[in-house]
Amino acid sequence: MASSRTGSRTPRELAVTPATETGGRARLLGELRARGSRGGVIGQHRAMVSGRLTPSRVVSMVVMPLLLSAIVALALRPLGSVWRAMLEWIVPQLGLPGDVGFAHVSLGPLLDFYVPHVSAAAPIPGAWHYWVVGAICALVLALTLVLPPRVLPLKYFLRFATLVQLTTFLTFAVRPDSFPYALPQYSLGFLQAGCALLVLIPLVLGLTYFPFDIALWRKVALTLMAVLHIALLLPLQVALHSYVVFHLSLLVLPTMFFIWGLLVEIFVFVAFYGWGMSWPDARLETPSYAPDGATQPQAAAP
Amino acid sequence: MMISVLIVLLWGVVAVLVTYTVRHYIFTFNRLFGRHRQPYVDITAAEWPTVAVFIPCHNEQAVITGSLEALLAADYPADRLTIIPIDDRSTDATGDILGAYARRYPELIKPVFRTGGEPGKAAAMAEAAARVGAEVHLVFDADYVPGPKLLKQLTAPFFDPEVGAVMGRVVPHNVSSNLLTRLLDLERAGGYQVDQQARMNLGLVPQYGGTVGGVRREALSSVGGWRTDTLAEDTDMTFRLVLQGWDVVYQNRSECYEEVPENWPTRIRQIRRWTHGHNQSLARYVMRIISKPANVSGLQALDGALLLGVFAVGPILLLGWLLALLLYYMGYQPPVTILVILLVSAFSTLGNFAAFFEVATATRLDGSRNRVRLLPFLFFGFLVSLMAVSQETILQFIGRGFGGRKIKWDKTERYRNGGGAP
Amino acid sequence: MSVAFFVLLLTVTIAWVLAPVLPAIFELLRPTDAEPLDAVGSDSGDLTVFADGFRNYLARQLPAALQASPGAEYRGELQDGTPFLQVGERAEFLGESASDGAHSSRVVTTVPTTLPGGEVFMMELLARSTMQGGPDAIYRAVLAEQDLSLGERSSVLRWVHAAGNLYVGSGSTLFGRASALRDLRLGNDVSFTRVRAARVVTGSAEPPAPMLFPLVMQGTTKFPVGTTRERTFTRVAGDFTVPEGGAVTGSLVVTGTLTVEAGARIGGSVKTHGDCVLHDDVVIDGALISRRDVTTGRGCAIHGSLAAERTVVLGPGSSVGTPLAQASLAAERITLHDGVQVFGAVTAVREARTTSE
């Protein structure tokens with residue numbers, strides 16, 4: 001932490017700085033107390049550092065996320081229209097038949113909105129689909145055999161995805177006619193789950209990001225960035241999933257759901273979170289020479 | 001009927017995952033805002049007890065010199081310190097290096113050369129510790145480089161008559177090597193800076209980690225010494241001490257460098273070794289800790305049981321995926337729309353976010369900044385761990401059992417450039 | 001057309017997904033924060049580390065002119081450009097060099113010096129001979145190679161170390177570390193966090209040597225039901241009182257509050273989960289560790305270290321450690337009455353204060 005008034009001046013520089021420029025002698029002495037000989041501020045050792053749970057922090061952890069979450073919930077209605085417009089433009093370009101549907105979702109009198117969905121029906125897998133998807137699985141598996149050891153996590157991920165796909169093969173082999181899902185319902189359910197996720201994001205950040213000593217505007221900015229990013233990502237994903245499932249049949253729908261579904265959103269969310277956690281502290285403060293008029297020393301740097 | 005059973009099972013899995021999530025969250029919140037406990041770190045002047053520092057070695061010529069030199073520079077009364085490297089059948093120059101040091105510092109360095117008996121760190125420790133009368137036994141792996149104040153810091157807690165073992169913080173040294181080392185740096189930070197310290201704050205069961213720590217000789221002898229039939233003698237020791245009424249304490253200020261694995265196969269071997277040993281302790285002690293013997297509080301019993309079950313969470317998570325897939329194929333539709341979607345989402349995704357929160361908090365407390373940006377890549381690290389842990393655990397349950405794996409030196413590769421005799 | 005659009009859409013989506021991952025990718029490819037934490041610090045618990053560093057620094061940076069005549073009066077710069085002042089035989093040279101009572105140079109005094117008071121030393125001060133500070137002075141840091149006395153209401157912002165004795169005047173504040181190789185005597189109402197010396201002593205009078213045995217002892221103490229004898233200590237469940245003049249053999253752990261009546265002795269170390277109250281003239285042969293508060297009466301002697309997780313109040317004439325056995329006193333807050341002696345270190349996480357009340 002560094003003082004904004006005096007920057008990172010060394011004690012040598014501070015000592016020859018007029019007191020008027022440093023905000024008075026008390027502040028100057030506070031600076032001299034806190035700075036090491038090279039000008040860096042001497043803080044507590046990391047082993048001793050803790051956070052500060054001030055009342056205003058608690059309020060911002062609870063009130064602000066709830067407020068943001070409520071705003072996101074209320075924005076779902078216009079967001080549904082934006083998604084509809086996006087899908088109405090994308091779906092014909094992808095050559096998918098049928099219109100974009102618009103389903104009504106009501107969660108009580110306050111939350112009442114519409115969510116779009118594609119209406120193209122995906123086929124039950126035929127022999128061609130088995131061969132193509134099987135070939136893709138074989139290719140991916142072969143790829144995992146030749147990938148170098150340093151990308152082992154990628155190999156594991158690809159094998160895991162292939163494993164999920166193989167369970168679908170098994171399901172269709174055992175019960176070919178009883179697959180309980182269709183593409184329109186899937187696309188609708190996916191966007192509905194997306195809505196839930198968007199409402200959840202401010203609340204999760206409230207519990208995991210707002211407790212830190214980061215400027216409130218940054219906290220709000222990170223929340224809005226994550227929500228807006230994922231809000232735009234969801235219809236793109238739905239369109240892509242619909243295209244793939246339409247052409248490769250319901251055989252790939254479970255893989256889309258489990259591997260390339262909300263897991264992607266969570267990955268994006270964690271990326272935002274990691275980025276936001278690297279942002280600097282809000283208040284850069286120097287211990288006062290005489291805190292609150294007293295002369296008691298605060299915890300010294302160990 | 002079938003579907004009902006699967007749903008109950010799935011909710012059981014969700015309950016376990018939510019329990020661990022809540023636990024992570026409580027630990028992190030406590031570390032951030034709870035009362036910080038490091039009661040012994042300011043004991044800097046004292047009549048220090050006699051200390052023996054053990055360094056189990058097996059083919060450690062690349063690193064042992066650095067470790068010994070660091071210990072020789074330690075700020076500990078020389079007349080109360082004995083350094084005991086235990087050379088267990090090294091086939092490289094380790095024995096020669098130790099011999100040279102012993103000749104140079106005959107009062108201080110007293111190596112033990114093992115040529116027979118059971119191999120492995122636990123057996124080496126058991127044999128050497130039995131011969132030493134020092135009041136405190138500290139243990140360092142051969143690649144660790146203790147700072148000059150570390151021995152006093154690690155010894156200070158033993159002025160508390162209840163303390164049976166102490167554990168310091170392990171800090172990766174080779175952070176910048178590659179993605180794996182950077183991810184392990186993040187994981188270690190979360191594990192020590194938050195997890196262990198929160199346990200200390202809350203008076204739970206900090207884990208003695210087998211290195212950068214030590215045991216009181218009386219405590220060691222009261223639990224029957226080091227066990228040689230386990231791959232995790234540290235976890236085993238932690239629980240035997242706690243069950244006997246000794247305190248295990250963590251000291252966040254006592255940091256020591258280690259080398260973390262630099263390639264995935266080594267990391268997987270390490271994880272599988274830990275898993276096997278930890279699960280051995282799970283089988284041995286979980287019922288005993290749950291039955292809450294005298295001197296073990298209810299919270300300690302709960303924390304101890306959850307700590308023992310940590311490596312079982314991997315296969316449980318996989319089971320959750322399997323159940324979710326099965327139910328999905330069977331057309332299980334959530335009965336109440338959004339609420340259930342939230343819960344299922346929480347199970348499959350956000351439920352594990354607390355671990356990311358823990359790691360990010362730790363790096364922020366450490367004063368690190370940009371390294372936390374690698375957080376999304378932790379997914380991949382977790383995936384590898386999940387697979388390795390699950391594979392080892394399943395093998396234990398269906399085949400190997402909890403005792404029978406042959407003990408051998410299954411050591412982690414060293415990456416530092418080699419040293420030599422003094 | 002649809003395939004091309006699909007590929008385009010896929011590309012756009014992947015790019016969109018990767019956008020927030022870019023900081024992570026950049027950090028991986030061009031690391032900016034991949035150094036190991038500085039874990040092998042040498043200063044932990046070492047109160048003289050700054051003083052040693054300053055001494056070495058001055059030895060390197062002293063102007064060439066002074067290396068030939070080390071005691072000369074000099075005003076100029078050190079080799080690294082830092083303003084520097086050396087006071088020789090003429091003590092008033094120091095006052096002449098001040099601006100509005102403040103010294104913005106590193107200062108060295110080479111002869112016994114007495115300061116009038118009210119000075120502000122914004123940079124380090126090295127006293128090569130004895131030094132007597134005046135009242136209301138402010139020092140950034142002081143290294144004294146002999147005895148040093150700080151006047152009343154002095155403040156030390158970073159550290160002070162005396163190679164001889166160090167006296168800190170009443171009402172002073174030591175923000176950083178203070179240490180002395182011999183006695184460190186603290187006047188009344190001195191506030192500090194970390195001090196260390198062969199002996200830290202409070203008040204102006206010379207207290208008697210720590211008591212090795214209580215004045216009156218009446219034999220062993222009966223333990224309540226539920227007491228267990230562990231391998232190295234006795235554990236008492238709940239509160240426990242050692243009666244006046246009583247004795248406990250070996251170490252003692254009390255899960256509640258421990259009260260030790262006057263003149264009692266515990267022949268080992270003590271751990272209390274609750275508060276610990278020692279009445280007058282109690283002797284503890286080992287360390288005293290408490291998870292809560294420790295309060296002692298007059299003349300108590302703890303031969304080992306005393307560490308409490310909350311507050312410690314040491315009564316008049318009490319002691320921690322002995323002249324032959326160094327010890328530490330550590331707690332969140334510490335109050336030391338007159339005549340307290342600590343043979344070693346005193347560390348308060350928040351604040352320690354002396355009092356004569």
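Residues numbered from 1 in each chain as written. Chains lettered and ligands numbered in written order. Predicted model: local features only at pLDDT ≥ 70, side-chain atom pairs only at ≥ 80, totals over all residues.

Chemist: Give a detailed account of the overall build of chain C, specifying residues and quantitative values.
Modeler: A tally of helices and strands in chain C yields 5 helices and 34 strands. Here the C-alpha atoms of chain C give a radius of gyration of 28 Å, more than 25% beyond the 21 Å that 2.2 N^0.38 yields for 357 residues. A principal-axis box enclosing the C-alpha atoms of chain C has dimensions of 90 × 85 × 30 Å. By residue count, 50% of the 357 residues in chain C fall in the buried class. (Helix = DSSP H or I, 4+ residues; strand = E, 2+ residues; numbered from the N terminus. Rg over C-alpha atoms; globule rule 2.2 N^0.38 Å. Buried ≥ 20, exposed ≤ 12 C-beta atoms within 10 Å, placed from the backbone.)

Chemist: Quick rundown of the overall build of chain A? Include the residues and the values.
Modeler: A tally of helices and strands in chain A yields 10 helices and 2 strands. When the elements of chain A are put in sequence order from the N terminus, they spell out α-α-α-α-β-β-α-α-α-α-α-α. Within chain A, the proportion of its 302 residues that are buried is 40%. Residue pairs in contact within chain A that sit at least 24 positions apart in sequence constitute 73% of those at least 6 positions apart. (Contact = placed C-beta atoms within 7 Å.)

Chemist: Run through the environment of Phe-157 of chain A, naming residues and quoting values.
Modeler: Of note, Phe-157 of chain A is situated in helix α6 (residues 152–174). Overall, the presence of 18 C-beta atoms within 10 Å leaves Phe-157 of chain A in the partly exposed class. Spatially, the C-alpha atom of Phe-157 of chain A lies 30 Å from that of Val-91 of chain A, the residues being 66 residues apart in sequence. Ignoring anything within four residues of it in the chain, the contact list for Phe-157 of chain A reads Phe-380 and Leu-383 of chain B.

Chemist: Go over the interface of chain A and chain B, please, and point to the residues and values.
Modeler: Counting residues at the interface gives 39 residues for chain A, matched by 40 residues for chain B. When contributions to the side of chain A that touches chain B are tallied by element, the ones reaching two or more residues are α6, α7 (183–208) and α10 (262–277) of chain A. Residues that form the side of chain A that touches chain B fall into these classes: 29 nonpolar, 9 polar and 1 charged. (Nonpolar A, V, L, I, M, F, W, Y, C, P; charged D, E, K, R; others polar.)

Chemist: Residues and numbers for unusual backbone geometry, please.
Modeler: Residues and elements named next belong to chain B. Located in the positive-phi region is Asn-59, a residue other than glycine, with phi close to 55°. Relative to the helices and strands, Asn-59 is located in the loop between β1 (51–57) and α2 (64–72). Since 19 C-beta atoms lie within 10 Å of it, Asn-59 is described here as partly exposed. Backbone geometry at Val-212 places phi at a positive 50°, although glycine is not the residue there. Structurally, Val-212 can be placed in the loop between α6 (179–202) and β7 (213–216).

Chemist: Which residues make up the pairing of strand β1 (residues 100–107) of chain A, and what are the values?
Modeler: All names here are of chain A. The sheet contact formed by β1 and strand β2 (residues 111–118) spans 8 bridges and is antiparallel. Bridge pairing in β2 places Leu-107 opposite Leu-111. Two successive antiparallel strands, β1 and β2, enclose a turn made up of 3 residues, where Gly-108 displays a positive phi of approximately 85°. (Pairing = 2+ DSSP bridges.)

Chemist: Now, about the interface of chain B and chain C: what can you tell me, with residues and values included?
Modeler: Taken together, the contact pairs 41 residues of chain B with 41 residues of chain C. Going through the elements one at a time, β6 (163–172), α6, α7 (217–222) and β8 (247–258) of chain B are the ones with two or more residues in the side of chain B that touches chain C. No other element matches β8 of chain B, which puts 4 residues into the side of chain B that touches chain C. When grouped by side-chain class, the residues that make up the side of chain B that touches chain C number 18 nonpolar, 9 polar and 14 charged.

Chemist: Outline the sheet that holds β6 of chain B, listing residues and values.
Modeler: All names here are of chain B. Strand order in the open sheet made by the 8 strands is β3-β2-β1-β4-β7-β6-β8-β5, with mixed pairing throughout. Only two strands of the sheet have a single partner each, and these edge strands are β3 (112–114) and β5 (145–146). Judged from the 2 bridges that link them, β5 and β8 form a sheet pairing that is antiparallel. Residue pairing in the sheet places Val-145 in a bridge with Tyr-257 of β8. Contacting β1, β2 (81–88), β3 and β4 (136–139), helix α4 (residues 121–129) crosses the sheet at an angle of about 145° to β1. (Axes fitted to C-alpha atoms, helices over the stretch in contact; angles between N-to-C directions.)

Chemist: Got a sec to walk through α4 of chain B? Specific residues and values, please.
Modeler: All names here are of chain B. Here α4 lies mainly inside the structure; 7 of its 9 residues are buried. Where α4 is concerned, the buried positions are Lys-121, Ala-122, Ala-123, Ala-124, Met-125, Ala-128 and Ala-129. Where the residues of α4 are buried, they touch β1, β2, β3, β4, α7 and α8 (233–243).

Chemist: Just give me the short version of the confidence of the model for chain C, but keep the residues and values in it.
Modeler: Keep in mind that low pLDDT regions are not for reading the predicted coordinates in detail. When the pLDDT values of chain C are averaged, the result is 90; 96% of them are 70 or greater. Per the prediction output, this complex has pTM 0.89; the corresponding ipTM is 0.90. (pLDDT = per-residue confidence, 0-100.)

Chemist: Tell me about the nonpolar core, and please be specific about residues and values.
Modeler: Core analysis: the biggest nonpolar cluster contains 274 residues, and Val-53, Phe-54 and Ala-165 of chain B together with Tyr-139, Val-142 and Leu-166 of chain C have the highest contact counts within it. Looking at this core, the element that brings in the most residues is α7 of chain A, giving 14 residues. What Ala-165 of chain B contacts, discounting residues up to four positions off in sequence, is Tyr-208, Gly-213, Gly-214, Val-215, Ala-219, Met-237, Thr-238, Leu-241, Trp-246 and Val-248 of chain B. (Core = buried A, V, L, I, M, F, W, Y, C linked by C-beta atoms within 7 Å.)

Chemist: Which residues make up the packing of α8 of chain B against helix α9 (residues 264–290) of chain B, and what values go with them?
Modeler: Residues and elements named next belong to chain B. Between α8 and α9, the least distance of the axes is 9 Å, while the angle of their chain directions is 15°. Between α8 and α9, the interaxial angle falls into the category roughly parallel. α9 is crossed by α8, and the crossing has left-handed handedness. Contact residues: α8 offers Thr-235, Asp-236, Phe-239 and Leu-243, while α9 offers Gly-277, His-278, Ser-281, Tyr-285, Arg-288 and Ile-289. In terms of residue class, the contact of α8 with α9 is made up of 4 nonpolar, 4 polar and 2 charged. (Parallel < 35°, antiparallel > 145°, perpendicular 65-115°, else oblique. Left-handed = near helix turned anticlockwise from the far one by under 90°.)

Chemist: Provide a residue-level description of α8 of chain B, including the pertinent values.
Modeler: Here α8 of chain B lies mainly inside the structure; 10 of its 11 residues are buried. Those residues of α8 of chain B not exposed but buried are Glu-233, Asp-234, Thr-235, Asp-236, Met-237, Thr-238, Phe-239, Arg-240, Leu-241 and Val-242 of chain B.

Chemist: Can you explain the packing of α7 of chain A against helix α8 (residues 216–248) of chain A? Please cite residues and give values.
Modeler: All names here are of chain A. It is at 10 Å that the axes of α7 and α8 come closest, and there the two elements cross at 165°. Viewed along their axes, α7 and α8 adopt a mutual orientation that is roughly antiparallel. Remark: the crossing between α7 and α8 carries right-handed chirality. In this structure, α7 uses Leu-183, Ser-187, Phe-190, Leu-191, Gly-194, Leu-197, Leu-198, Ile-201, Pro-202 and Leu-205 to contact α8, whose residues at the interface are Leu-222, Thr-223, Ala-226, Val-227, Ile-230, Ala-231, Leu-234, Val-238, Ser-242, Val-245 and Phe-246.

Chemist: Describe in detail the environment of Val-249 of chain B, supporting the description with residues and values.
Modeler: All names here are of chain B. Of note, Val-249 is situated in strand β8. Residue classification places Val-249 among the buried residues on the basis of 25 C-beta atoms within 10 Å. Each C-alpha atom of the pair Val-249 and Gln-280 lies 22 Å from the other, and the pair is 31 residues apart in sequence. Leaving out residues up to four positions away in the same chain, Val-249 has contacts with Pro-157, Val-163, Val-166, Met-200 and Pro-206.

Chemist: Quick one: what's the story with the environment of Tyr-285 of chain B, residue by residue and with numbers?
Modeler: Residues and elements named next belong to chain B. Its location among the elements puts Tyr-285 in helix α9. Sequence separation between Tyr-285 and Phe-239 is 46 residues, and the spatial gap between their C-alpha atoms is 7.1 Å. Contact partners of Tyr-285, with chain neighbours within four places excluded, come to Phe-239, Leu-243 and Leu-308.

Chemist: Before we move on, could you go through the pairing of strand β13 (residues 177–186) of chain C and cite the residues and values that matter?
Modeler: Within a regular beta strand, the side chains point alternately toward one face of the sheet and then the other, so they alternate between its two faces. Residues and elements named next belong to chain C. Burial analysis of β13 places 7 of its 10 residues in the buried class, the great majority of the element. Examined bridge by bridge, strand β10 (residues 155–162) and β13 share 4 bridges and lie parallel to one another. Each residue of the ladder has a partner; that of Trp-159, found in β13, is Arg-177. Sheet topology note: the strand β11 (residues 166–168)/β13 ladder contains 3 bridges and is parallel. Bridged to Tyr-167 within β13 is Arg-185.

Chemist: So, the confidence of the model for chain A: which residues are in play, and what are the values?
Modeler: Residues and elements named next belong to chain A. For chain A, the mean per-residue pLDDT works out to 84, and 81% of the residues sit at or above 70. Counted against residues more than four places away or in other chains, residues 1–7, with its pLDDT under 50, gives 17 contacts. For residues 290–302, every residue scores under 50 in pLDDT, and the model assigns this stretch 32 contacts once sequence neighbours within four places are set aside.

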